[in-house]
Amino acid sequence: MATTVIPFGPQHPVLPEPVHLTLKVEDEIVKEAIPALGYVHRGLEKLADIRDYHQMITVCERVCGICSMIHGTVYSQSIEELMDIEITDRAKILRVIWSELHRMHSHLLWLGLFADAFGFEALFMQFWKVRERIMDINEATAGSRVIVSVNVIGGVRADLSPDQCRWILSELDVAEKEIQEMQATIMEDYTVKHRTCEVGVLTYDQAYELGAAGPTLRGSGVASDMRMLGYGGYADLDFEPIIETSGDCWARSTVRFRETLQSIDLVRQAISKLPEGDIAVKVKGNPPEGEVYQRVEQPRGECVYYIRGNGTKHLDRLRIRTPTFANIPPLLAMMPECELADVPVIILSIDPCISCTER
Amino acid sequence: MLFTPTVVKNLLKKPATRKYPFEVREPFEKYRGELIIDIEKCIFCGMCARKCPCQCITVDKTAGTWACDPHECITCGYCVDACPTKCLTFKDVHRKPMLEKTTWVEQGTPPKPKKKAAAKKADAPAKEAKAEKAEEKPAKKAAPKKKAEKK
């Protein structure tokens, strides 16, 4: 059979961000996929040379437009570890609340896009309708929908009043009900299962060896979640990673769906355990010489920050490894022997965040 | 088929969206919409300009001007936190679209020269103050005009 080469992307209706895949196709079956990245490189890491370490928070938040809060948190955590600052318990729990809200809206966004990828537009709208509630919570409590800018070195900038906590809980109750209404559709519907079950299978061994991260990894049965490390306020909360074992697109979407509900539970737990106290401690001086390595769980998986300080207000090096970067080799392993029409669904199933990857 | 109940419910309910330009939601109280300054309270210390991560604020202490490029501003609110006199605040609605890029300049009263100069001419400051006040009035009028241009 002759091989045909089909370019996929960087502009494609299913792709929210530009990534290019060269697909080698025999008949309708994909034999090989070769990625090309670098369409949205912004050089954010280099900005550490000209922005001081406080200002870098806003830069780190802009690495990703969806999980901005968690980028800010991991950067602040790294600097706090480097400077040996102990933040208050209240600040830790507040960071958890906004982090989980971000995970929720990121997953809801993805579930919508995923539904759209296999042509289920009504489900897409339905998920995004629920997401709007979470965005409103962000806007009302932190002042902005996506880039919440609540992190500072030494704590957080915004506080939650008891009234706001009650309002968040009531909004989450409604959101939970609305999400659960969709559970049967995304997990059991015939059409959905037809497009996602046994499509893009990634086995346990493949996922582990290729270094997959986040829901892609957990969808293949590996129970790995950085929140188990108990960073920040997660040590105080009851938490168990969610796993599925089939390793196909259905498993990855189910993991994300269940994680959305789990995040609601985590926010409830966090609000019930919100201690009294200050929200930030004062920070003086510059980061000393030394290096720090931090890992956190983002909606898309494990995110790694490496920071080296040199005693001045500028950092020597800031290195960010985002989850999508880790998920590209597994993506290529999912492609062989899949049908051409399933390629959009498989690409979306790793939740690609290309701007994150290229920073 | 499992989605049918939701579809039927949605058909019977009113739309989830608003008819936007005609119907606008109440803004949230904490929303960081647009940076505004009460120039009368400003002491031109330049703290906001130093803290700003996108360097969109320029403060000139001698001339008593406070300038901000609204197109550069990312509404992070670091300047508001840093301001010692709390003259910077946020409006809860965002800036209207503009046709041209403008820099927003506010003219205030520059801080008075320090004690030495003031002690030498004991009667001069009074005249200077009067002169400053006279200058201030057109400046005050000029400021809203610039804002109006922006709109």
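Please refer to the structure higher up on the page.
Sequence order as written defines the numbering, with residues in each chain counted from 1. Each chain gets a letter, beginning with A, and each ligand a number, beginning with 1, in the order they are written. Since the coordinates come from a predicted model, pLDDT governs what is reported: local features require at least 70, and pairs of side-chain atoms require 80 or more to be given and counted, while whole-chain, interface and lining totals use all residues.

Before going further, it helps to examine the overall build of chain A. Within chain A, the regular secondary structure consists of 12 helices and 8 strands. Expected size for 359 residues packed as a compact globule is a radius of gyration near 21 Å; at 20 Å, chain A falls within 12% of this value. Principal axes of the C-alpha set define a box for chain A whose edges measure 70 × 45 × 30 Å. Secondary structure follows DSSP: runs of H or I at least 4 residues long count as helices, runs of E at least 2 residues long count as strands, and numbering of each begins at the N terminus. Atoms considered for the radius of gyration are the C-alpha atoms alone. The globule rule reads 2.2 Å times the number of residues to the power 0.38.

All names here are of chain A. Only the stretch in contact is used when a helix axis is fitted, and all axes are lines through C-alpha atoms; the angle between N-to-C directions ranges over 0 to 180 degrees. Running from N to C, helix 3 (residues 89–117) and helix 9 (residues 249–272) cross one another at 155°; their axes reach a closest spacing of 9 Å. Looking at the two axes, helix 3 sits roughly antiparallel to helix 9. Relative to helix 9, the crossing made by helix 3 is left-handed. For the pair helix 3 and helix 9, contact is made by Ile 93, Val 96, Ile 97, Glu 100, Leu 101, Arg 103, Met 104, His 107, Leu 108, Trp 110, Leu 111 and Phe 114 and by Ser 253, Arg 256, Phe 257, Glu 259, Thr 260, Ser 263, Ile 264, Leu 266, Val 267, Ala 270 and Ile 271, respectively. When its residues are assigned to classes, the contact of helix 3 with helix 9 shows 15 nonpolar, 4 polar and 4 charged. These descriptions rest on fixed angle ranges, namely under 35 degrees for roughly parallel, over 145 for roughly antiparallel, 65 to 115 for roughly perpendicular, and the rest for oblique. Note on convention: near helix rotated counterclockwise from far helix by under a right angle means a left-handed crossing. Clockwise means right-handed. By the convention adopted here, residues make contact when the C-beta atoms placed from their backbones lie within 7 Å. Polar here means any residue other than Ala, Val, Leu, Ile, Met, Phe, Trp, Tyr, Cys and Pro, which are nonpolar, and Asp, Glu, Lys and Arg, which are charged; Gly is therefore polar.

Right, let's get into the pairing of strand 8 (residues 315–321) of chain A. Residue and element names in this part refer to chain A. Strands were regarded as paired on the criterion that DSSP finds at least two bridges between them. Where strand 7 (residues 301–309) and strand 8 come together, 6 bridges link them in antiparallel fashion. Residue pairing for strand 8: Ile 307 is matched across the bridge by Leu 318. Following strand 7, the chain reverses through 5 residues before pairing antiparallel with strand 8; Gly 311 in that reversal takes a positive phi of roughly 90°.

The next thing to look at is the sheet that holds strand 8 of chain A. Backbone hydrogen bonds are what pair the strands of a sheet, in a parallel or an antiparallel way. All names here are of chain A. Pairing is antiparallel in the open sheet, where 3 strands are placed in the order 6-7-8. Among the strands making up the open sheet, the edge pair consists of strand 6 (290–298) and strand 8. If you compare each strand with its neighbour and ignore which way they point, the axes differ by 15° on average. Packed on one face of the sheet, helix 2 (residues 68–83) meets strand 6 and strand 7 and runs near 150° to strand 6. Helix-sheet contacts for helix 10 (residues 323–334) involve strand 6, strand 7 and strand 8, and the interaxial angle to strand 7 is about 130°.

Quoted interface sizes are often the accessible area lost when the parts come together. Counting from both sides, the interface comprises 19 residues of chain A and, opposite them, 14 residues of chain B. Listed by contribution, the elements that provide at least two residues to the side of chain A that touches chain B are helix 1 (56–61), helix 4 (121–142) and helix 5 (162–188) of chain A. Here the side of chain A that touches chain B gets 6 residues from one element, more than from any other, and that element is helix 4 of chain A. Each residue belonging to the side of chain A that touches chain B can be placed in one class, and the counts come to 5 nonpolar, 7 polar and 7 charged.

What follows is about helix 3 of chain A. Residue and element names in this part refer to chain A. A helix is expected to span 1.5 Å multiplied by its residue count minus one. Spanning 29 residues, helix 3 covers 42 Å between terminal C-alpha atoms, matching the ideal 42 Å at 1.5 Å per step. Here a residue counts as buried when 20 or more other C-beta atoms sit within 10 Å of its C-beta, as exposed when there are 12 or fewer, and as partly exposed otherwise, the C-beta atoms being derived from the backbone. Counting buried positions along helix 3 gives 27 out of 29 residues, so the element sits mostly inside the fold. Among the residues trailing helix 3, Gly 119 stands out with phi positive, at a value near 85°.

Take the sheet that holds strand 2 (residues 20–26) of chain A next. Residue and element names in this part refer to chain A. Spatially, the 3 strands line up as an open sheet ordered 1-2-3, and their pairing is antiparallel. Strand pairing shows two members of the sheet lacking a second neighbour, strand 1 (3–8) and strand 3 (29–36), which therefore form its edges. Strand-to-strand twist of the sheet, defined as the mean angle between neighbouring strand axes without regard to direction, takes the value 20°. For strand 2 and strand 3, the ladder comprises 7 bridges, and the chain directions are antiparallel.

Our next topic: the packing of helix 5 of chain A against helix 9 of chain A. Residues and elements named next belong to chain A. In the contact formed by helix 5 and helix 9, the axes pass within 10 Å of each other and the chain directions differ by 160°. For the element pair helix 5 / helix 9, the angle class is roughly antiparallel. Here helix 5 and helix 9 pass one another in a crossing that is left-handed. Of helix 9, the residues touching helix 5 (which contributes Cys 165, Ile 168, Leu 169, Leu 172, Ala 175, Glu 176, Ile 179, Gln 183, Ile 186 and Met 187) are Ser 253, Thr 254, Phe 257, Thr 260, Leu 261, Ile 264, Val 267, Arg 268 and Ile 271. Looking at the contact of helix 5 with helix 9, its residues break down into 13 nonpolar, 4 polar and 2 charged.

Remember, this is a structural readout, not a statement about activity or role.
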